[in-house]
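In case you want the letters, here they are:
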Amino acid sequence: MAVVGILDVIILTCMVESKLYKTRKESLEAERKFLEAVSTADITNINITFQAVYEEWLDYKKKKLKSTTLYALRKNLGKNIFDFFKDFKLHSIKINIINSWLE
């Protein structure tokens, strides 16, 4: 669940609304299913980098978003988040690192 927690904190700053869901309820249900899949996944690699999770998350989003929305998401997350966090191991991203990114 640590992977999801970190991504939630970071991604909440750059939320993008998908037009693929007709209602907020549908969107939240899809998100819930994704989070369940992530939290029950066999996470054996403690040294996984933010970049690896970011790319996997983008692959997931690629199926759900229009190409223009995905482009904007990559552009915004890339310059605002990815460049800072890409080399960090997920287990090493703590609140002090997130705070230094926010500054």
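Residues numbered from 1 in each chain as written. Predicted model: local features only at pLDDT ≥ 70, side-chain atom pairs only at ≥ 80, totals over all residues. Heavy atoms only, no water.

A. Representation of the pattern of salt bridges in the model. What the rule picks out here adds up to two salt bridges. With a shortest N-O distance of 2.4 Å, arginine 32 and glutamate 29 are connected by a salt bridge. Pair noted here: arginine 32 and glutamate 29 are both in helix α2 (residues 24–40), with a separation of three residues, about one helical turn. Classification of arginine 32 as partly exposed rests on a relative accessible area of 37%. (Salt bridge = Lys/Arg side-chain N within 4 Å of Asp/Glu carboxyl O. Helix = DSSP H or I, 4+ residues; strand = E, 2+ residues; numbered from the N terminus. Buried < 20%, exposed > 50% of the residue type's maximum accessible area, 1.4 Å probe, protein only.)

B. Region of the structure containing the packing of helix α3 (residues 50–62) against helix α4 (residues 67–85). Running from amino to carboxyl end, α3 crosses α4 at an angle of 170°, the nearest separation of the two axes being 12 Å. Between α3 and α4, the angle is such that the two are roughly antiparallel. Each of Phe50, Gln51, Tyr54, Trp57, Leu58 and Lys62 in α3 lies in contact with α4, whose residues at this interface are Leu70, Leu73, Arg74, Leu77, Gly78, Ile81, Phe82 and Phe85. Partitioned by chemical class, the residues of the contact of α3 with α4 number 10 nonpolar, two polar and two charged. (Axes fitted to C-alpha atoms, helices over the stretch in contact; angles between N-to-C directions. Parallel < 35°, antiparallel > 145°, perpendicular 65-115°, else oblique. Contact = heavy atoms within 4.5 Å. Nonpolar A, V, L, I, M, F, W, Y, C, P; charged D, E, K, R; others polar.)

C. The arrangement of the nonpolar core in detail. Counting 17 residues, the largest nonpolar core has Phe50, Leu73 and Phe85 as the members making the most contacts within it. It is α4 that contributes the most residues to this core, six residues altogether. (Core = buried A, V, L, I, M, F, W, Y, C linked by side-chain atoms within 4.5 Å.)

D. Molecular detail of helix α5 (residues 95–102). Looking at α5, one finds that the buried residues are Ile97, Ile98 and Trp101. In an axial view of α5, the angular spread of the buried residues amounts to 100°, which keeps them on one side of the axis. In α5, the exposed positions angled more than 90 degrees off the buried face are occupied by Ile95, Asn96 and Leu102. (Arc of directions from axis to C-beta.)

E. Representation of the packing of aromatic side chains. A full pass over the atoms with the stated rule returns seven aromatic pairs. Between tyrosine 54 and phenylalanine 82, the aromatic rings sit 4.6 Å apart at their centres with planes inclined by 25°, giving stacked as the arrangement. Here phenylalanine 82 lies in helix α4 and tyrosine 54 lies in helix α3, a separation of 28 residues in the sequence. Residues tyrosine 54 and phenylalanine 82 agree in their burial class; the two are buried. With a centroid separation of 6.0 Å and 50° between ring planes, the pair formed by phenylalanine 85 and phenylalanine 88 is classed as tilted. Put simply, the rings of Phe50, Tyr54, Phe82, Phe84, Phe85, Phe88 and Trp101 pair up and form one aromatic cluster. (Phe/Tyr/Trp six-rings, centres within 6.5 Å; stacked < 30°, edge-to-face > 60°.)

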